[in-house]
Amino acid sequence: MPAFHHNPFAGWLRGHAVPLTHLDPAAPLDDLEPLRDIIGDARVVAVGEHSHFIDEFMLMRRRILRFLVERCGFTVLAFEYGFSEGFPLDAWAQGKGTDDDLAVHLAATIPVGLDEPLRWIRRHNRTAAQPVRFAGIDIPAAGGSLLPALSPIADYLRQIDPEALPAIQEAIRIAESFASGSGAVAAPAWARLATAEQDALSAILMRLLIRFRAVEPLYVSRGDQDSYDIALRRLEAACHGDYTFRAMAGLFAGTGLTADTSARDVYMAGSVLWHLERHEPGTRVVLVAHNAHIQKTPISFDGHLTGLPMGQHLHRALGDEYFALGLTSITGHTAEMRRDEKTPFGFTIDDTALGPPEPGSVEAAFADAGLGLGIADLRRARREPADGTGHAPGPGPDRIRLQSTYLHTPVLDAFDGILNTPASTIAGGIQI
């Protein structure tokens with residue numbers, strides 16, 4: 001284990017990180033009280049994970065959600081889940097239907113730990129003076145299908161603008177030919193479409209988008225503003241999803257434009273702001289997504305800029321009212337996703353052992369500091385010397401785990417806080 005003076009940030013963690021005592025979502029919340037001061041007045045607190053399907057991250061996110069709702073007055077859970085698909089889940093969380101209906105709503109979606117938070121919200125809302133709302137923010141089916149957005153748009157146009165209905169029906173016809181449960185299947189299926197079909201879909205969606213914006217007063221006069229706003233946002237989701245298919249095809253072919261996959265993240269950021277603007281002033285949002293989506297710095301691999309994440313856009317829009325809390329682990333196992341188009345979601349999950357933390361990583365700093373379950377306020381680290389000598393703290397860690405590898409990024413700039421678990425395990429019962 002490196003000596004203290006060889007790892008100043010580990011020394012800073014040793015003196016400033018806050019130990020936590022529980023992973024159990026039902027346990028007392030007192031150990032999380034320091035989080036209140038750490039997040040300050042943030043309106044959006046994003047809670048990440050270095051990998052999907054990790055039990056400890058799912059449990060901790062549920063604890064944090066409960067703390068922020070019960071003790072800090074947060075009233076919206078926004079999730080890395082389709083914007084369009086989020087509305088029936090919000091209705092269920094407000095008490096619509098039966099408890100068993102949730103399984104039907106989520107039957108065709110990737111199991112990323114959404115069911116238990118929603119069940120808690122539904123129980124909470126039965127007696128809460130201020131109900132918690134649910135908000136989807138993502139492109140349809142996380143890039144797996146445009147149909148969850150296009151079908152409700154067709155229903156809207158059937159009532160508001162029947163003349164435009166044939167256009168959306170043609171878009172639906174094309175979208176049905178490559179629809180799947182995730183982008184891992186849909187993107188290669190889209191790439192196999194005839195170029196004329198690809199271009200026709202893009203042209204239809206863009207023409208409809210321009211028409212929606214051009215005749216807004218007409219549409220609102222035939223319906224109402226809220227229905228128009230939702231339909232427009234769904235159409236924007238379809239456009240961003242369609243763009244993402246092209247971006248992914250270019251990325252895999254080695255011909256893509258710089259940072260072209262950012263189309264999904266900028267849509268997610270816009271959706272968070274969309275929901276925030278439509279709730280009463282003072283609304284605070286818990287945002288759950290992968291670390292690579294919530295971080296505030298660009299995503300690069302091997303020196304090549306590949307994406308501008310949602311967190312970067314939200315930080316530009318909200319400043320310090322956006323707080324990014326990355327979740328990571330020193331050791332344990334991760335869920336490595338291997339592409340396999342023959343499976344329902346286009347990938348299988350490999351239970352992969354994590355290697356020792358790399359030197360320079362935030363995980364190595366937690367290990368060197370001898371810390372287990374705990375949280376570090378990186379905003380404070382940016383303000384204070386790391387070694388207690390009065391000297392500048394330096395750049396801090398330069399990488400963080402991304403599944404079984406590392407994402408190289410200045411961690412103190414990318415995140416406002418890091419929550420470390422001593423080990424990670426793949427959640428049981430996940431069916432892919």
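Worth saying up front: this structure is predicted, and the values here are computed from it rather than measured.

About the cut-offs
Residues numbered from 1 in each chain as written. Predicted model: local features only at pLDDT ≥ 70, side-chain atom pairs only at ≥ 80, totals over all residues. Heavy atoms only, no water. Phe/Tyr/Trp six-rings, centres within 6.5 Å; stacked < 30°, edge-to-face > 60°. Helix = DSSP H or I, 4+ residues; strand = E, 2+ residues; numbered from the N terminus. Buried < 20%, exposed > 50% of the residue type's maximum accessible area, 1.4 Å probe, protein only. Lys NZ or Arg CZ within 6 Å of the ring centre and 35° of its normal. Axes fitted to C-alpha atoms, helices over the stretch in contact; angles between N-to-C directions. Parallel < 35°, antiparallel > 145°, perpendicular 65-115°, else oblique. Left-handed = near helix turned anticlockwise from the far one by under 90°. Contact = heavy atoms within 4.5 Å. Nonpolar A, V, L, I, M, F, W, Y, C, P; charged D, E, K, R; others polar.

A. The packing of aromatic side chains, seen in detail. Throughout the structure, instances matching the rule amount to 12 aromatic pairs. Each ring, one from Phe 83 and one from Trp 274, has its centre 5.1 Å from the other, and the planes form 85°; the classification is edge-to-face. Of the two residues, Phe 83 sits in the loop between strand E3 (76–82) and helix H4 (86–93) while Trp 274 sits in helix H13 (residues 262–278), which places them 191 residues apart along the sequence. The two residues Phe 83 and Trp 274 agree in class, both being buried. Geometrically, the ring pair formed by Trp 190 and Phe 245 is stacked, given 6.3 Å between the ring centres and 15° between the ring planes. You can see Trp 190 sitting in helix H9 (residues 183–191) and its partner Phe 245 sitting in helix H12 (residues 225–253), a full 55 residues away along the chain. Looking at Phe 245, the relative accessible area reads 3%, which means it is buried. One aromatic cluster in this structure is built from Tyr 156, Phe 212, Tyr 219 and Tyr 228. The residue whose ring lies beneath Arg 122 is Trp 92, and the NZ or CZ to ring-centre distance is 4.5 Å.

B. Looking closely at the packing of helix H10 (residues 195–214) against H12. The contact between H10 and H12 brings their axes to 10 Å, and the two run at 150°. Put simply, H10 runs roughly antiparallel to H12. The interaxial crossing formed by H10 with H12 has left-handed handedness. Residues Gln 198, Asp 199, Leu 201, Ser 202, Leu 205, Leu 208, Leu 209, Phe 212 and Arg 213 of H10 lie in contact with H12, whose contacting residues are Tyr 228, Ala 231, Leu 232, Leu 235, Glu 236, Ala 238, Cys 239, Asp 242 and Arg 246. Considered class by class, the residues forming the contact of H10 with H12 number 11 nonpolar, two polar and five charged.

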